[in-house]
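One-letter residues, chain by chain:
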Amino acid sequence: MIINVDLTTGASVSDASTFTAFNARSTSDNEEVVGAAMGEAGHAADDAGHVWVSIDWIRSAVDGDPEWVAGFDAMADYAGSKGWMNDARSHILAHIEVE
């Protein structure tokens, strides 16, 4: 799953059914810049080159069927087991990949 972050228009999701990879793509690798451009989709992380992506925002952006929901839930559970979720389990940590 890819969170595309355009610095002027905000965030969108592509490859929504790919549950084996998760990153944010942008023209900047600065987490403050990318996080600010994300709007309600997320915000900068303390880790350089990373942003937090809202799980609720992903769900609303994709509006997936039950099979998608099950796959996404499994991906989120895996992310949580690796420490890639915040304490509230409301955001997933994404590495920023510069395009």
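Thresholds applied
Residues numbered from 1 in each chain as written. Predicted model: local features only at pLDDT ≥ 70, side-chain atom pairs only at ≥ 80, totals over all residues. Heavy atoms only, no water. Helix = DSSP H or I, 4+ residues; strand = E, 2+ residues; numbered from the N terminus. Rg over C-alpha atoms; globule rule 2.2 N^0.38 Å. Buried < 20%, exposed > 50% of the residue type's maximum accessible area, 1.4 Å probe, protein only. Contact = heavy atoms within 4.5 Å. Areas by Shrake-Rupley, 256 points an atom, 1.4 Å probe, with all protein chains shown as cover. Lys, Arg positive; Asp, Glu negative; His and termini not counted. Charge placed at Lys NZ, Arg CZ, Asp CG, Glu CD. Polar contact = N/O pair within 3.5 Å; in protein donor to acceptor, adjacent residues only side chain to side chain. Pairing = 2+ DSSP bridges.

A. Fine view of the overall build of the protein chain. Broken down by element type, the protein chain carries 3 helices and 6 strands. Taken from the N to the C terminus, the helices and strands of the protein chain come in the order β-β-β-α-β-β-α-α-β. Its C-alpha atoms give the protein chain a radius of gyration of 12 Å, within 12% of the compact-globule value 13 Å for 99 residues. Seen along its three principal axes, the alpha-carbon backbone of the protein chain occupies a region of about 35 × 25 × 20 Å. For the protein chain, the residues scored as buried account for 40% of the 99 residues in total. Within the protein chain, residue pairs in contact and separated by at least 24 positions form 50% of the contacts whose partners lie at least 6 positions apart. Summing over all exposed atoms, the protein chain offers an accessible surface of approximately 5,400 Å²; the carbon and sulfur share of this is 47%. With 4 positive and 17 negative side-chain charges, the protein chain shows a separation of 8 Å between the mean positions of the two kinds.

B. Broad picture of the environment of Val69. Checked against the element boundaries, Val69 lands in helix 3 (residues 66-81). A relative accessible area of 27% means that Val69 is categorised as partly exposed. As for Val69 and Asp47, which are separated by 22 residues in sequence, their C-alpha atoms are 28 Å apart.

C. Looking closely at the side chain of Ser54. The residue Ser54 is located in strand 5 (residues 50-54) in this model. Of the polar contacts made by the side chain of Ser54, one reaches the backbone nitrogen of Trp57; its length is 3.0 Å.

D. Representation of the pairing of strand 3 (residues 23-26). The pairing of strand 1 (residues 2-6) with strand 3 spans 3 bridges and is parallel. Each residue of the ladder has a partner; that of Ile3, found in strand 3, is Ala24. With 4 bridges joining them, strand 3 and strand 6 (residues 91-98) adopt parallel strand pairing. Across the sheet, Arg25 pairs through a bridge with Glu97, a residue of strand 6.

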